[in-house]
Amino acid sequence: MPSPDAPSQEPNRIPLEVAILGGGFAGVYCGRKLSKTIRKIDRDREDVGIVSNQNYMVFQPMLAEVAGASLSPRHVINPIRLLCRNISVFKGDISRVDLEKKEIHVNTGSFSAGVVIEFKHLVLALGAEIDLSRVPGMPE
C-alpha cells in the first residue's frame, strides 16, 4: 500500500528540444546563449529547459565578500529565470536519465507526481558539490 504522502497520479510529461541539466555557471550560460538564439529565430520558449535542484544561481567567487559583510547576499544570488528569460526552468532533483528513451525523470517534491522531460538534445552541466569541511570553521 502506498504511503499517504506518495502522489498517486502519473508524472507530467514535458517535451523539449534541448534539456540542460544543472543550474550552475555552465548550465546557466548555456541557457543564456540558447535564450538569445531562440529570440533570433523566433522559437517557443518551451523548446529549451533547465533542470536544477535550486531555482537560483550563486556567484561563488563573491561569497568571501558576503562573509566579510562588504556585500549583501542578494548581490551574489540571481534567479535562473531572470538570467535565462526565454527558456523554462524546472526545479527538482533528477532521479533518472534514460538515454535510450531520451527521458529525464525529475522528483519535484513529496506533494507532486514529478515530471518526465522528453528531450531531443541533452546538455550535461551538473558541476560539482562544494566541500566546505576541508577549511576549518568554513561550514559554520
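Our subject is the structure listed above.
Analysis parameters
Residues numbered from 1 in each chain as written. Predicted model: local features only at pLDDT ≥ 70, side-chain atom pairs only at ≥ 80, totals over all residues. Heavy atoms only, no water. Helix = DSSP H or I, 4+ residues; strand = E, 2+ residues; numbered from the N terminus. Buried < 20%, exposed > 50% of the residue type's maximum accessible area, 1.4 Å probe, protein only. Contact = heavy atoms within 4.5 Å. Areas by Shrake-Rupley, 256 points an atom, 1.4 Å probe, with all protein chains shown as cover. Lys, Arg positive; Asp, Glu negative; His and termini not counted. Charge placed at Lys NZ, Arg CZ, Asp CG, Glu CD. Pairing = 2+ DSSP bridges. Axes fitted to C-alpha atoms, helices over the stretch in contact; angles between N-to-C directions.

Visitor: It is not clear to me how the overall build of the protein should be interpreted in this structure. Could you clarify?
Guide: In terms of regular secondary structure, the protein is built from 3 helices and 8 strands. C-alpha atoms of the protein, sized along the principal axes, occupy 50 × 45 × 25 Å. Here the protein, with 140 residues, has 28% of them falling under the buried criterion. Excluding contacts between residues fewer than 6 apart, the proportion of contacts in the protein whose partners are at least 24 apart in sequence is 65%. Just so you have it, the protein exposes about 9,600 Å², and 53% of that area is on carbon and sulfur atoms. Side chains of the protein carry 17 positive and 16 negative charges; the gap between the two charge centres is 9 Å.

Visitor: Even after reading the chapter, I still don't get the sheet that holds strand β2 (residues 48-52), so can you show me in this structure?
Guide: The strands that make up a sheet pair up through hydrogen bonds in the backbone, lying either parallel or antiparallel. Pairing within the open sheet is mixed, and its 6 strands lie in the order β5-β2-β1-β8-β7-β6. One side of each edge strand has no neighbouring strand; the edge strands of this open sheet are β5 (88-91) and β6 (93-98). Across the sheet, the axes of successive neighbouring strands diverge by a mean angle of 40 degrees, strand direction being ignored. When strand β1 (residues 12-21) meets β2, the two strands line up parallel, connected through 4 bridges. The partner of Ala19 across the bridge, within β2, is Gly49.

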